[in-house]
Amino acid sequence: MIGFWTLFYKEVLRFWKVAFQTVAAPVLTAMLYLLIFGHVLEDHVQVHGVGYTSFLIPGLVMMQVLQNAFANSSSSLIQAKITGSIVFVLLPPLPYSAFFAAYVLAALLRGLMVGVGVLLVTVWFVDLQVVAPGWILAFAVLSGALFGALGVVAGIWVEKFDQLAAFQNFLIMPLTMLSGVFYSIYTLPAFWQRLSHYNPVFYMIDGFRYGFFGVSDVAPALSLAVVAASLAAVSVLTLLLLKRGWKLRN
Amino acid sequence: MTPAVSIVDVVKTFGSLKALAGVSLDIAQGEFFGLLGPNGAGKTTLISCLAGLSRPDAGRVAVLGHDVQADFREARRLLGVVPQELVFDPFFSVRETLRIQSGYFGIRRNDDWIDEILHHLDLAGKAEANMRGLSGGMKRRVLVAQALVHKPPVIVLDEPTAGVDVELRQGLWQFIRRLNGEGHTIILTTHYLEEAEALCHRIALMKQGQVVALDSTANLMAAHPGASLEEVFMRTMRR
């Protein structure tokens, strides 16, 4: 267990030493989204009977949890691969399960820290309700872990920073932006509504939002099942890749 | 006695390149062993197979009887490797780097040994310095320190003195000799053949993925009276 805790500690220390960039900057970005969209749309849009600014906040929180969890594990691994310092974790007797758990938990921690930061700075703008904190916590933890694990897959798969940027810009960003962060999918045409149900991030945002307002586009239990199943599938895939040493050991 | 390292018929190919073409050798416990050869001979590939960074296509590698694939956790615990590339993690100080490396090997509160290593590698004054601020030679010595944090019985040094000045090189060898005297097995690759001649009990010469000469340093030299190891090396490679 000491090996696992050390790798977890190292990963946390790595992002904490540059917290201005890894924690403060995404909080500021989310606040800007809120100020701009909230100001423009507050008087025009209500979703599920909730004011637009209130509706937007949980979506922004979850979006930042996901994007930062992904960014943490993927950037740490690609940087270690490119500089060669990955050997420091490949030479010791660390089990691949410890490797997986340390990277995912550190990514989750960063995601949650950014999420809490976004909540703290945006909550002053509206009177935000919390109907079911258990659902909020469950969706935040499972979804952050899922994107942390996806970041591990991306980090060991890609070989250059531009490949990672492509992964982020062409997969992660569309999945999060088109998941209902800024809208309810029931405001979309029927085709796009149906398509949104194939986007797992939609269930993360929708279930997370249920914890605040007690209303959602689909039942929160169904959303949680989709998120948990996705996490299980990505975790199994990641563990298999790590066991094989795919792209890490020739 | 179980060999410190046992390498049996190891083959490794990268595409059409046969990096290792059936390498076999045993290294006894307590030996100071030299692995020499020109660039591309397969030395670093062989070390990668030993360290578990590469998987051989065929053959078996074991450290003190522990297979590096099947029993990788025990094999890696027994091995300390100084990589050839000058790599470092730019986020941490020298002490943080060494504490973290100790933790990977399951060791907490290792500061007494870390301080001793830093002293012997003339890095005590840089313990709290960030890795980015160190010279190339200092970074190289931190790599040596990282390989030693868990006091491994088998130590692999892949060109450890490249870029290290003469005075510090002497200090490094004094420390490594002391470790060898205490029973640690040392495996060295270097392009400084005079260092290998002075330090190694036995030497393997590699060429194109094969071991082309393997004998005690004294026997290798005796086979070429009056020649330096460099001349022995050149003659063997020309064959």
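Cut-offs used in this document
- Residues numbered from 1 in each chain as written.
- Chains lettered and ligands numbered in written order.
- Predicted model: local features only at pLDDT ≥ 70, side-chain atom pairs only at ≥ 80, totals over all residues.
- Heavy atoms only, no water.
- UniProt positions renumbered as here; feature names shortened; annotations may be inferred.
- Helix = DSSP H or I, 4+ residues; strand = E, 2+ residues; numbered from the N terminus.
- Rg over C-alpha atoms; globule rule 2.2 N^0.38 Å.
- Buried < 20%, exposed > 50% of the residue type's maximum accessible area, 1.4 Å probe, protein only.
- Contact = heavy atoms within 4.5 Å.
- Lys, Arg positive; Asp, Glu negative; His and termini not counted.
- Charge placed at Lys NZ, Arg CZ, Asp CG, Glu CD.
- Axes fitted to C-alpha atoms, helices over the stretch in contact; angles between N-to-C directions.
- Parallel < 35°, antiparallel > 145°, perpendicular 65-115°, else oblique.
- Left-handed = near helix turned anticlockwise from the far one by under 90°.
- Nonpolar A, V, L, I, M, F, W, Y, C, P; charged D, E, K, R; others polar.
- Buried area = accessible area lost by both parts, 1.4 Å probe.
- Salt bridge = Lys/Arg side-chain N within 4 Å of Asp/Glu carboxyl O.
- Polar contact = N/O pair within 3.5 Å; in protein donor to acceptor, adjacent residues only side chain to side chain.
- Pairing = 2+ DSSP bridges.

With an unreviewed UniProt entry as reference, chain B is termed ABC-2 type transport system ATP-binding protein, source organism Azonexus fungiphilus.

For chain A, an unreviewed UniProt entry supplies the name Transport permease protein and the organism Azonexus fungiphilus. What the UniProt record of chain A gives under Sequence similarities (unreviewed entry) is the line "Belongs to the ABC-2 integral membrane protein family."

**Concerning the overall build of chain A**
A count of helices and strands for chain A gives 10 helices and 2 strands. Expected size for 250 residues packed as a compact globule is a radius of gyration near 18 Å; at 18 Å, chain A falls within 12% of this value. Overall size of chain A, expressed as C-alpha extent along the three principal axes, is 60 × 35 × 35 Å. Expressed as a percentage of its 250 residues, the buried residues of chain A come to 55%. Contacts spanning at least 24 positions in sequence make up 82% of the contacts within chain A whose residues lie at least 6 apart. Within chain A, the 8 negative side-chain charges are centred at a point lying 20 Å from the centre of the 12 positive side-chain charges.

**A few points about the packing of helix α3 (residues 52-83) of chain A against helix α7 (residues 161-177) of chain A**
All names here are of chain A. The interhelical angle for the contact between α3 and α7, taken along N-to-C directions, is 170°, at an axis separation of 11 Å. Taken as axis vectors, α3 and α7 run roughly antiparallel relative to one another. Helix-helix and strand crossings are classified by hand; for α3 and α7 the assignment is right-handed. Of the residues in α7, those touching α3 at Met63, Leu66, Gln67, Phe70, Ala71, Ser74, Ser75, Ile78, Gln79 and Ile82 are Phe161, Leu164, Phe167, Gln168, Ile172, Met173, Thr176 and Met177. The residue inventory of the contact of α3 with α7, partitioned by class, reads 12 nonpolar, 6 polar and no charged.

**Concerning the UniProt feature "transmembrane region" (unreviewed entry) in chain A**
Residue and element names in this part refer to chain A. Under the present numbering, the feature "transmembrane region" (unreviewed entry) in UniProt falls on residues 15-37, 49-70, 101-126, 132-158, 170-192 and 218-242. Helix makes up 48% of residues 170-192 and strand 0%, and the two end C-alpha atoms of the span are 18 Å apart. Helix makes up 92% of residues 218-242 and strand 0%. Its end C-alpha atoms lie 35 Å apart.

**What about the interface of chain B and chain A?**
It is common to report an interface's size as the accessible area lost on association of the parts. Taken together, the contacts link 29 residues of chain B with 28 residues of chain A. Three residues stand out in chain B for area buried against chain A, namely B:Leu53, B:Phe91 and B:Tyr104, and they jointly supply 29% of the buried area on that side. Viewed at the interface, chain A and chain B are joined by 2 salt bridges. For the pair chain B and chain A, the interface holds 7 residue pairs in polar contact (both at pLDDT 80 or more).

**Focus on helix α1 (residues 43-51) of chain B**
All names here are of chain B. The element α1 is largely enclosed, with a buried count of 8 among its 9 residues. Of all the positions in α1, only Lys43, Thr45, Leu46, Ile47, Ser48, Cys49, Leu50 and Ala51 are classed as buried. In the segment just after α1, Gly52 is the residue with positive phi, at about 80°.

**Digging into unusual backbone geometry**
A positive phi angle, near 65°, is found at A:Lys247, a position not held by glycine. Within the secondary structure, A:Lys247 sits in the segment after α10 (220-244). Residue classification places A:Lys247 among the partly exposed residues on the basis of a relative accessible area of 36%. The backbone of B:Arg109 sits at a positive phi, close to 45°, despite the residue not being glycine. Its location among the elements puts B:Arg109 in the loop between α3 (94-104) and α4 (111-120). The class for B:Arg109 is exposed, based on a relative accessible area of 80%.

**Here's the deal with the side chain of B:Thr45**
Among the secondary structure elements, B:Thr45 is positioned in helix α1. Dropping the residues within four chain positions of it, B:Thr45 is found in contact with B:Lys12, B:Phe14, B:Ala19 and B:Leu20.

**What to know about the sheet that holds strand β2 (residues 17-27) of chain B**
The sheet built from 4 strands is open, its strands ordered β2-β1-β4-β5 (chain B) with antiparallel pairing. Only two strands of the sheet have a single neighbouring strand rather than two, namely β2 and β5 (66-67) of chain B.

**Let's talk about the pattern of salt bridges**
Oppositely charged side chains are able to pair whenever their charged atoms sit close together. Counting across every chain of the model gives 15 salt bridges over all chains. Between A:Lys10 and B:Asp89 there is a salt bridge whose closest N-O contact spans 4.0 Å. Of the two residues, A:Lys10 sits in helix α1 (residues 2-16) while B:Asp89 sits in the loop between β6 (79-82) and α3, which places them in two different chains. Looking at A:Lys10, the relative accessible area reads 7%, which means it is buried. Overlapping salt bridges bring together B:Arg95, B:Arg99, B:Asp111, B:Asp115 and B:Glu128 as one network.

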